[in-house]
Amino acid sequence: MAGRREAAAALPACFAGLGAGSPRPRQKRGGMFCSVEDAFDNKTLDFASLGAPARGTPAGPRRAPGPAAPGEPPDGCPQSDQLLIKGGKIVNDDQSFYADIYVEDGVIKQIGENLIVPGGVKTIDAYGQMVMPGGIDVHTRLQMPVMGMTSADGFYQGTKAALAGGTTMIIDHVCPDAGTGLLAAYEQWRGSADSQACCDYSLHVDVPRWHESLKEELEALVKDKGVNSFLVFMAYKDKLQCTDAQMYEIFCIIRDLGAIAQVHAENGDIIDEEQKRLLELGISGPEGHVLSRPEEVEAEAVYRAITIAKQANCPLYVTKIMSRGAADVLAQAKRKGTVVYGEPITASLGADGSHYWSKNWAKAAAFVTSPPISPDPTTPDHLTSLLSCGDLQVTGSAHCTFTTAQKAVGKDNFTLIPEGTNGIEERMSIIWEKCVVPGKMDENDFVAVTSTNAAKIFNCYPRKGRIAVGADADLVLWNPKATKIISAKTHNLNVEYNIFEGTECHGVPTVVISQGRVVLEDGNLLVTQGSGRFIPRKTFPDFVYKRIKARNRLAEVHGVPRGLYDGPVHDVLASAKAVAPTPASRIAPCAGKAQAPPVRNLHQSGFSLSGSQADDHIARRTAQKIIAPPGGRSNITSLS
């Protein structure tokens, strides 16, 4: 033990809190699920060195005393801060083993067998069940503004549904309204989430438009607000869409800040033209949405985004992978070593895009999201296969629901139907049903794609995404033998339709623990509005930036030393030597890029047919005899 502790002292500071007995990847002694030697000889993680807030300290305001909201424990209701979970099989992304877990003050304090714990501790029987890290939903939109409306499931209802499904942390997207700055929108989202969220949360920030002060806003969000991921749009022409040049410049800024560039990948120009064509043909229903967005426009945009990010040497995260073509493009780039991550969502893994042609308009409209759910019935199986083999790495829900009345704003024009589907509550069960039940992945892979990979990419690991001493006590007891049938009649959402209606899932959460408190037990949700904490995230996550930093060192460009050319140079027109920059590209250059000098546009003429000319102020000579005209004297004496 002394030798191991001396070795631990040489570790980087951020891992100094990990004992030498930390679980080692894929240890299999005496069988995969047997106890691992020294697996529980841990110290508490020193999260202070990682810049994380202290445990048990709320990051935002809490609900004031008063009557409890429906589904909340009453004020003063005793809820133990000490828990003992006995007899379960602990499942991390790299190993499984049997052990007990002792939780105190929202933190995992002990892992092992025959633990010594205080008296009066609440004990949870986990025999026959798996104990997993709580799920992390990396993509939600619980406050999405659309035409003066906001999504039906706000932070309270959305996070309540998340906990019901086994998700204990979300990362929501801040989408600024027109005319609202990124910092102001961020503060607006924080205010809503701090007062409503029932589970821990963090924030991505969308970049809806380029402007001159964008770099300063991104720097402030990164350095002062704990944001390390920003999304740009390649779709929604004349509203949110960025040009390729703007994307390149934004990616360069994000790379220098050590953040993650996210992209909504669709070809907005083609979609805009297709929408006009379909409306002219009289197609105005939800089927027009998927017809105007063929799979090729998603695949092309993914390829273009990867190309731009690669040129900028910026890590790329593609949200909402919905089609086979887009997934294949991303998988191929990843296999070639590109630093890119793909996010299929609950809808693309478990829903059927043929419902766009349903005779029931409200049902068809419930499926409208972008990119659309593929009508190809083989797509979900293909995406789950890529997810299982690691070509796709994380899963989100893109949960953004609207009621039928809200969707009906577009009853006569499919382009006006608010976009978004449910999935925050169903995500974990759908992935288990589609990936683990058929044998495509094991429970360790399941933990990786639902929790651990997200925590590593967005830099909140090992506080989140792992069961270890010192990590947050966000835990799920998972019963692989239990079943449930998804239905709008029983879901915890504020909408009339569920796009997974009737799907039977084998594998459900039976107990959910958030911040060390039981929030789901025996089918009863006991959540507290406003108890969710904001989780700040630092930049330059090692999981992402190790390869980026290595490539930066190798990417230095040097000219070829050669002598001065003193040979003949062909004369060309001045207009061919340089092209004037277009006035539309008002984009700040990347550091180190040489600025081209301004060039006069020689295609602009000073001649006018108005009668008055630009040189009227110059005195005219009455006549001038040409002695030697250009080209020599003419020998023509007659035109006959």
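For clarity, every value in this text was computed on a predicted model and none was experimentally measured.

S.K.: Mind showing me how you'd approach the overall build of the protein chain here?
M.R.: A count of helical and extended segments in the protein chain gives 17 helices and 20 strands. Residues counted as buried form 52% of the 640 residues belonging to the protein chain. Across the protein chain, contacts joining residues at least 24 apart in sequence account for 77% of those joining residues at least 6 apart. When the accessible surface of the protein chain is summed, it comes to about 29400 Å², and 54% of that surface belongs to carbon and sulfur atoms.

S.K.: Even after reading the chapter, I still don't get helix α8 (residues 295–312), so can you show me in this structure?
M.R.: The periodicity of an α-helix, 3.6 residues per turn, causes residues three or four positions apart to be oriented the same way. For α8, with 18 residues, the first-to-last C-alpha span of 26 Å sits near the 26 Å given by 1.5 Å per residue. Turning to α8, its buried residues number three or more, namely Val297, Glu298, Ala299, Ala301, Val302, Arg304, Ala305, Ile306, Ile308, Ala309 and Ala312. Within two residues after α8, Asn313 carries a phi angle of roughly 50 degrees, on the positive side.

S.K.: Looking at this structure, I do not really get the sheet that holds strand β8 (residues 135–140). What am I missing?
M.R.: Sheet strands pair by backbone hydrogen bonding; their relative direction is either parallel or antiparallel. Ordered by their spatial adjacency, 7 strands build an open sheet running β8-β11-β12-β13-β14-β15-β16, and the pairing between neighbours is parallel. Edge positions in the sheet fall to β8 and β16 (340–344), since each has one partner strand and no second. Put simply, the sheet's adjacent strands are angled 25 degrees from each other on average, direction ignored. Across 6 bridges, strand β11 (residues 167–174) lies against strand β12 (residues 200–207) in parallel orientation. Within β12, the residue paired with Met169 across the bridge is Asp200. Along the sheet, helix α15 (residues 443–457) contacts β8, β14 (260–264), β15 (316–321) and β16; its crossing angle with β8, the most-contacted strand, is approximately 65 degrees.

S.K.: Any chance you could explain a nonpolar patch on the surface here in plain terms?
M.R.: A cluster of nonpolar residues, Met147, Val409 and Leu416, forms a patch on the protein surface that exposes about 250 Å² of accessible area. When you line up the elements, Val409 lands in the loop between α13 (404–407) and α14 (427–436).

S.K.: How do you make sense of the packing of helix α3 (residues 182–196) against helix α4 (residues 214–224) when you look at a structure like this?
M.R.: The axes of two packed helices give the description: the angle between them and the distance between them. Contact pair α3 / α4: the axes reach a minimum separation of 9 Å and the direction vectors enclose 35 degrees. Contacts from Leu182, Leu183 and Tyr186 in α3 reach Leu214, Glu217, Leu218, Ala220 and Leu221 in α4. Along the lines of polarity and charge, the residues of the contact of α3 with α4 split into 7 nonpolar, no polar and 1 charged.

S.K.: Help me understand a positive patch on the surface, please; the structure alone is not making it clear to me.
M.R.: On the surface, a cluster of positive charge is made up of Lys310, Lys336, Arg547 and Arg551. Its location among the elements puts Lys336 in the loop between α9 (324–335) and β16. Assessed through its relative accessible area of 65%, Lys336 is described here as exposed.

S.K.: Quick question: what am I supposed to make of the sheet that holds strand β7 (residues 130–133) here?
M.R.: Read from one edge of the open sheet, 7 strands run β3-β2-β7-β17-β18-β19-β20, paired in mixed fashion. At either end of the open sheet lies a strand with only one pairing partner, and these are β3 (96–98) and β20 (524–525). Bridging between strand β2 (residues 89–91) and β7 involves 2 bridges; their strand directions are parallel. Of the residues in β7, the one forming a bridge with Lys89 is Met130.

S.K.: Hey, could you run me through the pattern of salt bridges in this one?
M.R.: Oppositely charged side chains can form a pair if their charged atoms are brought close together. Taken as a whole and assessed by the stated rule, the structure comprises 28 salt bridges. Across the pair Asp194 and Arg190 runs a salt bridge whose closest N-O atoms are separated by 3.2 Å. One end of the pair is Asp194 and the other is Arg190, both in helix α3 and 4 residues apart, which spans about a single turn. With relative accessibility at 14%, the residue Arg190 sits in the buried group.

S.K.: Even after reading the chapter, I still don't get the pairing of β11, so can you show me in this structure?
M.R.: The side chains of a regular strand alternate, residue by residue, between the two faces of the sheet. When you tally the buried positions in β11, you get 8 out of 8 residues, the bulk of the element. Bridge count between β8 and β11: 4 bridges; the pairing is parallel. Residue pairing for β11: Asp137 is matched across the bridge by Ile170. One crossover worth recording links β11 to the parallel β12 by way of α3, and it is right-handed.

S.K.: What exactly am I supposed to notice about the environment of Ile548 here?
M.R.: Turning to its location among the elements, Ile548 is positioned in helix α16 (residues 542–554). Residue classification places Ile548 among the buried positions, given a relative accessible area of 2%. Sequence separation of Ile548 and Lys310 is 238 residues, and the distance between their C-alpha atoms is 10.0 Å. When residues no more than four places from it in sequence are discounted, the contact partners of Ile548 are Asn313, Cys314, Pro315 and Val339.

S.K.: Looking at this structure, I do not really get the packing of aromatic side chains. What am I missing?
M.R.: Aromatic ring pairs: the centre-centre distance and the angle between the two ring planes describe each pair. Scanning all chains against the criterion turns up 10 aromatic pairs. Here the aromatic rings of Trp432 and Trp478 are separated by 5.6 Å at their centres, their planes lie at 50 degrees, and the arrangement is tilted. Of this pair, Trp432 sits in helix α14 while Trp478 sits in strand β17 (residues 475–485), and the two are 46 residues apart along the sequence. Overall, the relative accessible area of 4% leaves Trp432 in the buried class. The exposure class of Trp478 is buried, given its relative accessible area of 0%.

S.K.: Just to check I follow, could you spell out the nonpolar core for this structure?
M.R.: When a protein is soluble and globular, its nonpolar side chains tend to lie buried together. By size, the foremost hydrophobic cluster in this structure holds 89 residues, and its most contacted members are Phe230, Met247, Phe251, Leu316, Val318 and Phe446. Beyond its immediate sequence surroundings of up to four residues, Leu316 is in contact with Phe251, Ala261, Val263, Ala305, Ile306, Ala309, Val339, Val340 and Tyr341.

S.K.: Just to check I follow, could you spell out the environment of His355 for this structure?
M.R.: In this structure, His355 sits in the loop between α10 (346–350) and α11 (361–366). When the C-alpha atoms of His355 and Phe367 are compared, they prove to be 7.2 Å apart, with 12 residues separating the residues in sequence. Sequence-distant contacts of His355, defined by excluding residues within four places in its chain, comprise Lys363, Ala364 and Phe367.

S.K.: Sorry if this is basic, but what is going on with α3 here?
M.R.: Helix length check: α3 (15 residues) gives 21 Å between terminal C-alpha atoms against 21 Å at 1.5 Å per residue, within 8%. Of all the residues in α3, the buried ones are Leu182, Ala185, Tyr186, Trp189, Arg190, Ser192, Ala193 and Asp194. Check the buried side of α3 and you find it contacts β9 (145–146), α2 (155–164), β11, β12 and α4.

S.K.: Would you mind showing me how to read the packing of α4 against helix α5 (residues 244–257) here?
M.R.: Contact geometry for α4 and α5: axes closest at 11 Å, N-to-C directions at 30 degrees. One element, α4, and the other, α5, form an angle in the roughly parallel class. As for the relative orientation of α4 and α5, their crossing is right-handed in sense. In this structure, α4 uses Leu214, Lys215, Leu218, Glu219 and Val222 to contact α5, whose residues at the interface are Ile250, Ile253 and Leu257. A breakdown of the residues in the contact of α4 with α5 according to their chemical character gives 6 nonpolar, no polar and 2 charged.

S.K.: So what exactly am I meant to see when it comes to the pairing of β16 here?
M.R.: Burial analysis of β16 places 5 of its 5 residues in the buried class, the great majority of the element. Burial of the side chains of β16 extends over both faces: Val340, Gly342 and Pro344 are buried on one face and Tyr341 and Glu343 on the other. Here 4 bridges tie β15 to β16, and the two strands are oriented parallel to one another. Its bridge partner lying in β16, Tyr317 is registered against Tyr341. Since β15 and β16 lie parallel, the crossover through α9 that links them has a hand, and here it is right-handed.

The rules we used
- Throughout this document, residue positions are counted from 1 along each chain, in the order its sequence is written.
- Confidence filtering applies because this is a predicted model: local features only for residues at pLDDT of at least 70, side-chain atom pairs given and counted only at 80 or more, and all residues used for totals across whole chains, interfaces and linings.
- Only hydrogens and water are set aside; all other atoms, that is, all heavy atoms of the structure, feed into the side-chain values.
- Only DSSP runs of H or I reaching four residues or more are called helices, and only runs of E reaching two or more are called strands; each is numbered from the N terminus.
- Each residue's exposure class comes from its accessible area (1.4 Å probe, protein chains only) as a fraction of the maximum for that residue type: buried when under 20%, exposed when over 50%, partly exposed otherwise.
- Only heavy atoms enter the contact rule, under which two residues are in contact if any of them lie within 4.5 Å.
- Areas reported here follow the Shrake-Rupley algorithm with a probe of radius 1.4 Å; residue values treat only the protein chains shown as occluding.
- Given the number of residues in a helix, its expected span is that number minus one, multiplied by 1.5 Å.
- Two strands qualify as a pair provided that DSSP identifies no fewer than 2 bridges between them.
- Only C-alpha atoms enter the line fits that serve as axes; for helices the fit covers just the stretch in contact. Angles between N-to-C directions range over 0 to 180 degrees.
- Nonpolar side chains (Val, Leu, Ile, Met, Phe, Trp, Tyr) are joined into patches within 5 Å and like charges within 9 Å, using only residues with over 30% relative accessible area and no salt bridge.
- For salt bridges, the criterion is a side-chain nitrogen of Lys or Arg within 4 Å of an Asp or Glu carboxyl oxygen.
- Following the grouping adopted for this structure description, the nonpolar residues are Ala, Val, Leu, Ile, Met, Phe, Trp, Tyr, Cys and Pro, the charged ones are Asp, Glu, Lys and Arg, and the polar ones are all others, Gly among them.
- Under the counting rule used here, the positive set is Lys and Arg, the negative set is Asp and Glu, and His together with the chain ends is not counted.
- Every charge is mapped to an atom, namely NZ of Lys, CZ of Arg, CG of Asp or CD of Glu.
- Place the viewer so that the strands point away; then a crossover is right-handed whenever the path from the first strand over the helix to the second strand goes clockwise.
- Ring geometry is summarised as follows: Phe, Tyr and Trp rings, the Trp one being its six-membered ring, pair when their centres sit within 6.5 Å, and such pairs are stacked at plane angles under 30 degrees, edge-to-face over 60 and tilted between the two.
- Joining through side-chain atoms within 4.5 Å is the link that ties buried Ala, Val, Leu, Ile, Met, Phe, Trp, Tyr and Cys residues into a set, and such a set is a nonpolar core.
- Here is the rule for angles: anything less than 35 degrees is roughly parallel, anything more than 145 is roughly antiparallel, 65 through 115 is roughly perpendicular, and the remaining ranges are oblique.
- For any helix crossing, the convention is left-handed if the near helix is rotated counterclockwise from the far helix by under a right angle, and right-handed if that rotation is clockwise.

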